[in-house]
Amino acid sequence: MLKKSINKNFSLMVNSLKLAQRAELWDDDQDQNIIEQLYVDPLPNNGLLRQVVQDNTVFLVGRKGTGKSTIFARVQEYFRKSKNEISAYVDVKTIYGRSQAKELNGNSEHYEKILLYESFINEIINDLMKEVKKNIEQKNAIYRYWKSRDLTKLLSRLEEISNETSKPKFKETDILKTLNTIQKAVTADENEGSVAAGANANALTGLGGEITIADRQKSSEANEIQEEYSRTLLRYFNLNDFISNITSALKDYGIKKLHIILDDFSEIDYDAQQIFVNTLLAPLNNWSDKFIRFKVAAYPKRIFYGDIDKGKIDEITLDYYELYKVKDLPELEKKATEFLNRLLDARFRYYLDAGVDEVFHIDKENTWESYLELLFQSTMNVPRVLGHILHYCYQSAIIYDKKINKSLIEQAAQKYYENQIKYYFDKTNYLKEAFDEKLDRYSQQILINLLVEKAKELKYNLRVEDSELFKEIPTNKIPTSHFFINKEYEKFLHSLELNYFVSKYYEQADRDGIVISIYAINYGLCREQNISFGRPKGHTKYRKYYISRHFNNDRLLQQYLIEQKHFVCSKCGYEYQYSEYDVLQKIGMMCYLGCKNTGTVQESYKFKDENLLDGIKREKLLPEVELDILHVLSQNKKAHLYASLIARELDCSHQLVSKRSEKLQGAELIKKENEVINGIQRKVYQLTEKAEILYFPKDN
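**Student:** What is the right way to look at helix H16 (residues 406-421) in this model?
**Tutor:** Three or four residues apart is the spacing at which side chains of an α-helix point the same way, because the helix has 3.6 residues per turn. The first and last C-alpha atoms of H16 sit 21 Å apart over 16 residues, in line with the 22 Å expected at 1.5 Å per residue. Looking at H16, one finds that the buried residues are Leu408, Ile409, Ala412, Ala413, Gln414, Tyr416, Tyr417, Asn419 and Ile421. The elements touched by buried residues of H16 are helix H14 (368-379), helix H15 (383-396), helix H17 (423-426), helix H21 (523-528) and helix H24 (624-635). Put simply, asparagine 405 is the residue that caps the front of H16, since its side-chain oxygen is 3.2 Å from the backbone nitrogen of serine 407.

Laid out in structure tokens, this is it:
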């Protein structure tokens, strides 16, 4: 039998890891912030925290679930205890979702976009000012270094600044005038391109018939329009006065620095990122005489910097191989498992009042070190993934008063992959998204399938390999989960890595001295496909196991690129093979064998299956957030889920969930019922039979 505290509080502990903790970790029973008790720095002696709180703008870069929000929660607590510095937490994604949920009045497309962006910037400023006032009041309560009269005066002044800044009044005629010239140029280019490209380019059969390269919006034109939106907004928002007023008001009352924490920056779409950076982030960062500093959470390769000088900011990457920067792979793995050990120990002692040996089945054959290795392999040191895996272990063991063993962890890793990660591809045929984005998903799926098939082939081929490296390994247990590629091919794995199908494992020189990147296929995916994970133990020769020539996937990537991607001129339709990419890049993507225009050659897909998108029914297509709401409900059929709980699972605002749920209810895909939960009247969501048949046929 487990201790009562373990069975009672394990789910609370799991939720503290797996759900997005936007600003704070909170103990409802004690009604207090517990971030200091629970925070575990990825580096010894709070090394990462010390970097983030420095007097500089910092971009904290990591995949979803790597702990960015938790680090920011600890940063906020740090600044609460500073006498003359304050922080203000702004959840960019939630605010963007809130602004997008507002009703518009059917004006022109450009006018409505301006209103949406204006609403977004307004919401940001309002939330920022609320945070500043809240933190000023908290600091005053701690230090008592302002008289109540002075504090009231300051808060009143901040309210005035907020009101003065966030009241732009647009005239549709003015906005349309500024955008009209650009739109005419775009239309002319598209018409010209469609004539030439329609005659020459190979068409793919898509959702509405033939789709050529001319149907795709040119990125340079899109960027120009976004910049015009930014210039229009800057004319209406008086940011110069805002910066000057807030700076002088805070300085007058002893504040020397304002640190603005921007969470989930990369989770808003790229167009909105451009507007946000051009309109607010860059001006505040560059014009504020170092009074304002930003701490920004972002995804790898999903950051728009705009006019921010990258040389004057700190960029900290949370992936373990970047954090620990050691040349020895076993030492890297040791540092990664040490972090997991500290993280689990802190959560277990706070929530469960128990050590790890009271939760896991540990004996001579199953040491705690071997558990840490397995947890590292199955989570890649990502706290949120760890939370999900322990959640499945709770359902299969803890709830029955049993300890967790390795087999249950392996099953949980596979279940997490199948229920959460794999869904990224499963939903492709139901997604209402741009044609290029849909093709990109198909392209990624082809690539991960190729990587998995290569690993499965190696598992059998290496059994007869005449090499000392493989001779002593049992034939059915030869690990083939890892592979390496030349660093120049990394960019083709970014999307797969962002979505956890693969993870970069290490960087080192191969046997020829060339720096290579080693990747691991997702542990749960490996288990699903019966691929042994990791490398053998027991001999020094296995220290270089991953850089055996058999695991070189350069040729696989090259063949994939030849078969799946090429380059097409948007003006004349001339096609270039992927092998010509280097030449094209050096000459500014000029169509040097065709029409000789510069910047007109664009990357395109050429799938063997020309009927790739046949059979997709328009009426079944939904925006991604709506599909994700349905997916959460399908994964939690017995739970009583309401908007805020679904929002926590999806890491978005409850307003966005509520708004989108109205559409889903109107389409008879969900139903809502009133239910009293913990004394509060809630609208509880459930899937309808129609939704299950249309989108989750496997569940029936």
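**Student:** Could you clarify how one ought to interpret the environment of asparagine 499 in this entry?
**Tutor:** By secondary structure assignment, the location of asparagine 499 is in the loop between helix H20 (494-498) and strand S11 (502-509). Those residues within four positions of asparagine 499 in sequence are excluded, and the remaining contacts are Ile421, Tyr424 and Gln444. At 2.9 Å, the side chain of asparagine 499 and the backbone oxygen of serine 495 are in polar contact.

**Student:** Is there a simple way to explain empty space enclosed by the protein in this structure?
**Tutor:** For the structure on display, the rule yields five cavities of 30 Å³ or more. Looking at the largest cavity, it is lined by 36 residues, and the ones nearest its centre are Gly65, Thr66, Gly67, Lys68 and Pro383. Within the residue set of the lining of the largest cavity, elements represented by two or more residues are helix H1 (4-18), helix H4 (68-80), helix H12 (320-324), helix H13 (329-352) and H15. Among the elements that take part in the lining of the largest cavity, H4 stands out by supplying four residues, more than any other. Of the residues contributing to the lining of the largest cavity, the split by class is 18 nonpolar, eight polar and ten charged. By volume, the second largest cavity is sized at about 110 Å³. Surrounding the second largest cavity, 14 residues form its lining, Ser378, Met380, Tyr500, Ser503 and Asn522 being those nearest its centre. Put simply, the parts of the chain that give the lining of the second largest cavity at least two residues each are H14, H16 and strand S12 (515-521). If you tally residues by element for the lining of the second largest cavity, the top one is H14, at three residues. Grouping the constituent residues of the lining of the second largest cavity by class yields nine nonpolar, five polar and no charged.

**Student:** Which parts of the structure should I look at to understand the pattern of salt bridges?
**Tutor:** When charged atoms on two side chains of opposite charge get close, those side chains can pair. In this structure the tally under the stated criterion is 34 salt bridges. In this structure, arginine 63 and aspartate 319 form a salt bridge, with 3.8 Å as the shortest nitrogen-oxygen distance. Taken as a pair, arginine 63 in the loop between strand S3 (58-61) and H4 and aspartate 319 in the loop between strand S9 (314-317) and H12 lie far apart in primary sequence, 256 residues in all. For aspartate 319, a relative accessible area of 8% translates into the label buried. Ionic pairing is found between glutamate 465 and arginine 549, a salt bridge with its closest N-O pair at 3.2 Å. Residue glutamate 465 is located in the loop between helix H18 (435-461) and helix H19 (468-471), and its partner arginine 549 is located in the loop between H21 and helix H22 (554-564); the two are separated by 84 residues in the primary sequence. Residue class for glutamate 465 comes out partly exposed when judged on its relative accessible area of 22%.

**Student:** How should the packing of H14 against H15 be read in this particular structure?
**Tutor:** For any two helices packed against each other, the geometry comes down to the angle between their axes and how far apart the axes lie. Where H14 contacts H15, the two axes come as close as 9 Å, and the packing angle between them is 110°. In this view, H14 runs roughly perpendicular relative to H15, as classed from their interaxial angle. Considering only the axes of H14 and H15, their crossing is right-handed. Along the contact surface, H14 presents Leu375, Ser378 and Thr379, while H15 presents Val385, Leu386 and Ile389. Class assignment of the residues belonging to the contact of H14 with H15 gives a composition of four nonpolar, two polar and no charged.

**Student:** Got a minute to help me understand the sheet that holds strand S14 (residues 575-577) in this structure?
**Tutor:** To summarise the sheet geometry, strands pair through backbone hydrogen bonds and adopt either a parallel or an antiparallel arrangement. In spatial order, the strands read S14-S13-S15; together these three strands make up an open sheet with antiparallel pairing. Two strands lie at the open edges of the sheet, namely S14 and strand S15 (601-605), each paired on one side alone. Going across the sheet, the axis of each strand differs from the next one's by a mean of 35°, ignoring polarity. One ladder, built from five bridges, connects strand S13 (residues 565-569) with S15; its direction is antiparallel. Each bridged residue has a counterpart across the sheet, and for phenylalanine 567 the counterpart in S15 is glutamate 603. Sitting on the sheet, H22 touches S13, S14 and S15, and the angle it makes with S13 is about 40°.

**Student:** How should the environment of tyrosine 546 be read in this particular structure?
**Tutor:** Residue position: tyrosine 546 is located in the loop between H21 and H22. Remark: the alpha-carbon pair of tyrosine 546 and histidine 482, spanning 64 residues in sequence, is separated by 6.5 Å. Discounting chain neighbours no more than four positions away, the residues touching tyrosine 546 are Leu329, His482, Phe484, Tyr505, Ile518, Gly534, Arg535 and Phe551. A polar atom in the side chain of tyrosine 546 sits 3.4 Å from the backbone nitrogen of arginine 535.

**Student:** When you look at the sheet that holds S3 in this model, what are you seeing that I'm missing?
**Tutor:** Strand order in this open sheet of five strands is S4-S7-S8-S3-S9, and the pairing throughout is parallel. Here the strands that pair on one side only, and so sit at the sheet edges, are strand S4 (85-91) and S9. Going from strand to strand, the sheet's axes swing by 15° on average, the running direction of each strand aside. In the sheet, strand S7 (residues 257-263) pairs with strand S8 (residues 292-298) via five bridges, with the strands oriented parallel. Among the inter-strand pairings, isoleucine 260 is bridged to a residue of S8, identified as phenylalanine 294. The sheet contacts of H4 involve S3, S4, S7 and S8, and relative to S7 the element is tilted by about 160°.

**Student:** Please explain the packing of aromatic side chains as it appears in this structure.
**Tutor:** In this structure the tally under the stated criterion is 34 aromatic pairs. For the ring pair phenylalanine 59 and tyrosine 305, a centre distance of 5.2 Å and an interplane angle of 55° mean the geometry is tilted. Of this pair, phenylalanine 59 sits in strand S3 while tyrosine 305 sits in the loop between S8 and S9, and the two are 246 residues apart along the sequence. Here phenylalanine 59 matches tyrosine 305 in class, with each residue buried. Summarising the aromatic geometry, the rings of tyrosine 574 and tyrosine 576 are spaced 4.9 Å apart at their centres and angled 55° between planes, so their arrangement reads as tilted. Exposure remark for tyrosine 574: the relative accessible area of 34% places this residue in the partly exposed category.

Cut-offs and rules
Residues numbered from 1 in each chain as written. Predicted model: local features only at pLDDT ≥ 70, side-chain atom pairs only at ≥ 80, totals over all residues. Heavy atoms only, no water. Helix = DSSP H or I, 4+ residues; strand = E, 2+ residues; numbered from the N terminus. Expected span 1.5 Å × (residues − 1). Buried < 20%, exposed > 50% of the residue type's maximum accessible area, 1.4 Å probe, protein only. Contact = heavy atoms within 4.5 Å. Polar contact = N/O pair within 3.5 Å; in protein donor to acceptor, adjacent residues only side chain to side chain. 1 Å grid on protein atoms, 1.4 Å probe; cavity = no way out; pocket = protein on both sides within 12 Å on 5 of 7 lines; lining within 4 Å. Points joined across faces, edges and corners; volume = space filled by probe spheres on them. Nonpolar A, V, L, I, M, F, W, Y, C, P; charged D, E, K, R; others polar. Salt bridge = Lys/Arg side-chain N within 4 Å of Asp/Glu carboxyl O. Axes fitted to C-alpha atoms, helices over the stretch in contact; angles between N-to-C directions. Parallel < 35°, antiparallel > 145°, perpendicular 65-115°, else oblique. Left-handed = near helix turned anticlockwise from the far one by under 90°. Pairing = 2+ DSSP bridges. Phe/Tyr/Trp six-rings, centres within 6.5 Å; stacked < 30°, edge-to-face > 60°.

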